[in-house]
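# A look at the structure
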Amino acid sequence: MIAAALLLLSIGGAYQGATQETIAEVRVHGNATLSDEAVLKLAGIVIGAALEPGGTDAVEKRLRDSGRFDEVQVRKRYRTLAMDEVAIVLLVHEKPGITSSGEPPSIARRLRSRLMFFPTLYYDDGYGWTYGGRTTVRDALGKGTRLSAPLSWGATKRAAVEADRTFATGPLTRLTGSFGVVQSENPHFLVNDRRTEIKTRAERRLFGRLTLGGELGHTNIAFGPRNERFWSTGADATIDTSNDPMFPSDAVVASAGWTRLHGIGATTFGASVDRYVFNARGFKRLVGQTVIAVHAEYDTASAPLPPYEQWLLGGSSLRAVPSGTAAGDKRSLWSAELRVPFSSPLSLGRVGFNVFMDGGSTALYGQRIWDQPQHHSVGAGLFLIATVLQFNFDVARSIDGHSTRFHFDTGFTF
């Protein structure tokens with residue numbers, strides 16, 4: 001009985017293996033400009049014909065070898081219990097710039113389809129307006145890559161080339177690199193800070209909330225009469241639970257970072273110096289759209305910092321005093337702010353008012369920061385948040401110096 005059963009199974013298997021599979025139906029998904037007929041022609045399959053030896057693997061190879069698609073998947077489904085008729089599903093993603101006729105796109109067409117331009121316009125308290133633009137070529141070196149050339153003038157003059165690559169799998173989530181020249185005036189020392197920099201950064205995102213990062217860079221800096229060079233290495237970790245970065249609520253954003261400056265030749269800071277940044281922000285929705293936001297930050301160093309790397313106090317970090325009012329090797333900051341939108345939550349943007357209180361201090365290396373003069377301010381203002389625009393108009397009063405100043409910025413200070 002067992003031998004007979006094995007014989008029947010063997011005959012059935014041989015019969016099934018010999019069954020000819022006929023293509024009864026073909027479905028194409030994902031084609032944007034190419035017609036279904038053009039995709040079938042590239043795949044080399046005809047409805048009613050027999051599925052060739054090699055099956056779906058041969059079809060997938062022809063589609064990939066055509067050079068028209070970034071992604072290709074070929075799936076087979078049986079339509080009958082006899083397994084003699086099959087339906088073929090072609091899942092494709094066309095390369096940018098493909099022509100409707102199915103011909104390979106020209107170089108000019110490929111470039112136009114991937115080219116983007118973004119204007120640049122923002123304001124930094126103590127620095128002024130920066131304007132310019134960013135030209136980006138997406139998928140320039142493969143899918144998930146971007147090459148950008150930012151160019152700006154005004155408060156911050158910058159010309160650079162940047163590369164950005166994101167990964168769906170693997171040890172890295174994102175890899176970036178840049179090379180460029182940037183110049184601005186230091187608002188405390190009132191001298192030009194001109195840097196030629198090359199940097200690279202790698203990130204790994206975990207659990208959807210935690211980001212680990214590492215950086216490596218080389219900088220040539222001209223700061224007044226000083227001309228110095230140094231390498232920089234760094235690492236940081238950030239946890240971010242916010243779902244709306246423009247107007248977060250019921251969220252926590254906390255980060256810790258370390259950077260080491262390695263001097264090349266004679267430098268102001270000697271062989272090396274470490275900088276540490278600890279930053280925590282919390283946002284809690286109270287009633288309706290009203291949100292209370294709190295911020296605390298502590299920055300320090302392992303040795304005296306060069307003037308061009310010292311922490312600055314004022315402006316966006318302390319709204320009642322001008323940017324660059326104080327500088328030091330250590331800095332402490334804190335803020336508490338109540339944000340009350342009065343526009344509809346269904347509108348395209350948010351308009352509202354805020355009231356705040358903030359404080360901070362700086363200290364030189366070797367001094368206790370808590371022994372230094374503390375600066376405090378209170379104030380209120382209006383904010384406008386739209387898709388591409390963010391404006392804040394604040395009136396701040398210094399509790400210590402009894403001075404009042406207007407503060408304007410393109411975006412929340414934290």
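Basis of the calculations
- Residues numbered from 1 in each chain as written.
- Predicted model: local features only at pLDDT ≥ 70, side-chain atom pairs only at ≥ 80, totals over all residues.
- Heavy atoms only, no water.
- Helix = DSSP H or I, 4+ residues; strand = E, 2+ residues; numbered from the N terminus.
- Rg over C-alpha atoms; globule rule 2.2 N^0.38 Å.
- Buried < 20%, exposed > 50% of the residue type's maximum accessible area, 1.4 Å probe, protein only.
- Areas by Shrake-Rupley, 256 points an atom, 1.4 Å probe, with all protein chains shown as cover.
- Lys, Arg positive; Asp, Glu negative; His and termini not counted.
- Charge placed at Lys NZ, Arg CZ, Asp CG, Glu CD.
- Axes fitted to C-alpha atoms, helices over the stretch in contact; angles between N-to-C directions.
- Parallel < 35°, antiparallel > 145°, perpendicular 65-115°, else oblique.
- Contact = heavy atoms within 4.5 Å.
- Phe/Tyr/Trp six-rings, centres within 6.5 Å; stacked < 30°, edge-to-face > 60°.

The next point concerns the overall build of the protein chain. Helices and strands together make up the secondary structure of the protein chain, namely four helices and 21 strands. Here the protein chain has a C-alpha radius of gyration of 30 Å; the compact-globule value for 414 residues is 22 Å, and the former is much larger. Taken over the C-alpha atoms alone, the protein chain extends approximately 100 × 55 × 55 Å along its principal axes. Counting only residues that meet the buried cut, the protein chain has 38% of its 414 residues in that class. Accessible surface, the protein chain: about 22,600 Å² in total, of which carbon and sulfur atoms supply 61%. Taking the average place of the 45 positive charges on the side chains of the protein chain and the average place of its 40 negative ones, the gap between the two points comes to 1 Å.

The interhelical angle for the contact between helix 2 (residues 36–43) and helix 3 (residues 55–65), taken along N-to-C directions, is 110°, at an axis separation of 8 Å. One way to sum up the angle between helix 2 and helix 3 is to call them roughly perpendicular. The residues of helix 3 that touch helix 2, namely those facing Val-39, Leu-42 and Ala-43, are Val-59, Arg-62 and Leu-63.

Within the structure shown, the criterion is met by 10 aromatic pairs. Considering the side-chain rings of Phe-189 and Phe-223, the 6.0 Å spacing of their centres and the 80° angle between planes classify their relative orientation as edge-to-face. One end of the pair, Phe-189, is in the loop between strand 8 (174–185) and strand 9 (192–206); the other, Phe-223, is in strand 10 (residues 210–223), with 34 residues separating them in the sequence. Exposure remark for Phe-189: the relative accessible area of 31% places this residue in the partly exposed category. According to the relative accessible area criterion, Phe-223 is buried, its value standing at 2%. Ring geometry for Phe-391 against Phe-408: centres 6.0 Å apart, planes inclined by 15°, an arrangement best described as stacked. One end of the pair, Phe-391, is in strand 20 (residues 390–398); the other, Phe-408, is in strand 21 (residues 404–409), and 17 residues separate them in sequence. One aromatic cluster is present, formed by Tyr-123, Trp-129, Phe-391, Phe-393 and Phe-408 through successive ring pairs.

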